[in-house]
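# Structural description and commentary
As a plain string of letters, each chain reads:
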Amino acid sequence: PLAGYNHGPRRVPDWPIPKLGEYTTFMMPSTGHLDTTWAKALFIDTGSDRFCFVTIDAIGSDSTIRAMALTMAQARGLNLSDSNFALHGSHTHSGPGALSPNFLWAMAPATDLLVPEIQRLMSERVADAMIEAAANMQPASLGVGSGLLTNVTTNRRARISPYLKPDSIDPHLGIIRVDDLSGKPIATVWNFAIHGVCWGPEQMLSNSDIMGGTSDAIEALVGGVALFINADAGDVDPTSEVCDGKPNYKGAPIIAAKVKEVRDSIKPSPDAQVAAYSEVVHFGPTNMNLTFARFDNCTSGGPLDICTICRILKCDANLHLGPAWMEEDPTFGAFRFTVDGTSSLMVTMPGEPLTELGSEVRNATLALGFDTILLAGYSNAHMGYFATADEYDIGGYESQLTLWGIGTADMVKAGCMRVAARVLPPHTP
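Throughout this description, residue numbers start from 1 for each chain and increase along the sequence as written. Confidence filtering applies because this is a predicted model: local features only for residues at pLDDT of at least 70, side-chain atom pairs given and counted only at 80 or more, and all residues used for totals across whole chains, interfaces and linings. The side-chain quantities take in all heavy atoms of the structure and omit both hydrogens and water.

## Side note on the overall build of the protein chain
In plain terms, the rule: Think of it this way: any DSSP run of H or I at least four residues long counts as a helix, any run of E at least two long counts as a strand, and we number them from the N terminus. Between the two quantities, the radius of gyration covers C-alpha atoms and the globule rule is 2.2 Å times the number of residues to the power 0.38. A simple rule labels every residue: compare its accessible area, found with a 1.4 Å probe on the protein chains alone, to the largest value its type can have, and call it buried under 20%, exposed over 50%, or partly exposed in between. Throughout, a residue-residue contact means that at least one pair of heavy atoms, one from each residue, lies within 4.5 Å. Values of accessible area rely on a 1.4 Å probe in the Shrake-Rupley scheme; residue burial ignores everything except the protein chains shown.
Per the secondary structure count, the protein chain includes 12 helices and 21 strands. In terms of overall dimensions, the protein chain is globule-like: its C-alpha atoms have a radius of gyration of 21 Å, near the 22 Å expected for 429 residues. Its C-alpha atoms put the protein chain at 75 × 50 × 40 Å along the principal axes. When the 429 residues of the protein chain are sorted by exposure, 57% land in the buried category. Long-range pairs, those at least 24 residues apart, make up 78% of the contacts in the protein chain with a sequence separation of at least 6. Accessible surface computed for the protein chain: about 17,100 Å², of which carbon and sulfur atoms make up 56%.

Shown next as structure tokens:
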């Protein structure tokens with residue numbers, strides 16, 4: 001199955017009645033491949049420690065795949081600690097499903113029931129990428145920087161939220177530049193907020209969507225390997241113009257050109273230093289507030305005037321689902337890159353932060369003394385959307401899948417700040 005949509009041709013015709021296939025239960029099987037989906041790894045050895053970042057063309061990351069892949073790689077001799085490893089999902093909506101044991105995602109249905117063979121295969125591919133990257137290390141220089149990229153994304157909640165406009169997006173384009181000592185590109189990590197939804201639920205061929213098309217364009221334009229890490233894209237879609245011409249995306253060369261421009265502005269150093277810290281943060285069972293206002297934007301009227309009655313009585317049904325339904329102990333990670341006296345932070349978030357939360361985390365971590373912030377959403381786990389309190393109250397799809405209630409975004413922000421505070425810039429008192 002392909003993960004990402006819970007409607008249309010992706011879903012079995014008589015849902016919730018299953019239609020059993022070789023690897024499918026509540027979703028229809030994919031019919032082939034439109035393009036290659038990748039697991040790519042960047043492995044860094046500073047002499048005093050080792051770090052690995054893996055990107056996968058998938059709807060998100062998964063904590064079980066992360067754990068399985070690391071265990072597999074370590075069993076094959078890879079020297080890497082858990083705290084120095086991050087797994088990032090690109091958020092293509094046409095990547096492999098049946099990967100996660102979280103029952104809520106299976107029943108949505110957006111990923112389908114776990115198939116252990118597919119889960120193990122993905123874990124093996126991640127481990128393979130880690131091993132191959134470590135085996136091909138060479139002396140290199142590294143630099144981090146950022147620029148602004150506009151007119152390629154739009155805020156999809158602008159149609160329902162009074163707080164947002166179509167251009168309420170995160171324009172920050174973060175870049176990690178890695179070259180060999182002669183200046184030849186080895187890798188380009190690009191970090192940007194964009195949903196992988198150029199293809200809709202009618203697409204039954206697996207593909208990496210606009211992010212994969214852009215990475216291909218970067219590799220052709222710059223050289224080396226391009227790795228994509230999504231950001232605070234919970235409410236950010238590509239514009240229709242960016243998707244035009246798919247799979248030869250009109251926006252891919254535009255984004256790639258901006259990536260090259262920012263990359264070229266970065267001065268890498270062979271003396272770059274990296275520090276990391278990760279921590280498991282306990283969220284506990286979900287706290288899903290199931291109100292008419294949030295699910296149907298209904299505050300008055302309705303059958304038997306139920307919406308008005310519930311507004312007055314403050315009706316709700318807080319649904320508390322445990323770890324069999326949804327991950328509740330995510331790993332937050334912080335990575336500090338120090339190059340020529342400047343310090344950049346990459347902080348991971350285990351799901352889909354909306355842009356308002358991303359802005360809050362960016363500003364709060366900049367205040368800690370960092371020069372550049374890379375927000376790594378969809379990393380290490382996938383725990384749904386992270387809507388801020390005002391957007392949670394507005395309702396809509398992203399609000400409905402903000403699973404720990406109105407305080408979810410505060411919990412995520414607190415997790416980010418906890419780990420960021422452990423890798424402060426060297427000059428911070």
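## Structural notes on helix H1 (residues 63-75)
Note the threshold: Expected span, for any helix, means 1.5 Å times one less than how many residues it has. This arc describes the spread of directions from the helix axis toward the C-beta atoms.
Taking 1.5 Å as the rise per residue, H1 with 13 residues should run 18 Å; its terminal C-alpha atoms sit 18 Å apart, in good agreement. Of the residues making up H1, those classed as buried are Ile65, Arg66, Ala69, Leu70, Met72 and Ala73. In a view along the axis of H1, the buried residues occupy a sector of 160°, so they form one face of it. Along H1, exposed side chains directed more than 90 degrees from the buried face belong to Thr71 and Ala75. Its buried side turned inward, H1 meets strand S5 (85-89), helix H3 (116-135) and strand S17 (331-339). Positive backbone phi, at 105°, marks Gly77, one or two positions downstream of H1.

## Describing the state of the cysteines
The following threshold applies: The disulfide definition used here is simple: a pair of cysteine sulfur atoms within 2.5 Å.
Going through the model one piece at a time under the given rule, you end up with one disulfide. Between the sulfur atoms of Cys198 and its disulfide mate Cys243 the distance is 2.0 Å. The sign of the S-S torsion, about -75°, decides the handedness of the disulfide formed by Cys198 and Cys243: left-handed. With Cys198 in the loop between strand S10 (185-192) and strand S11 (205-206) and Cys243 in helix H5 (residues 240-243), this pair connects stretches of sequence that are 45 residues apart. Among the residues examined, Cys198 registers a relative accessible area of 5% and is labelled buried. On the basis of relative accessibility, which here comes to 10%, the residue Cys243 falls in the buried class.

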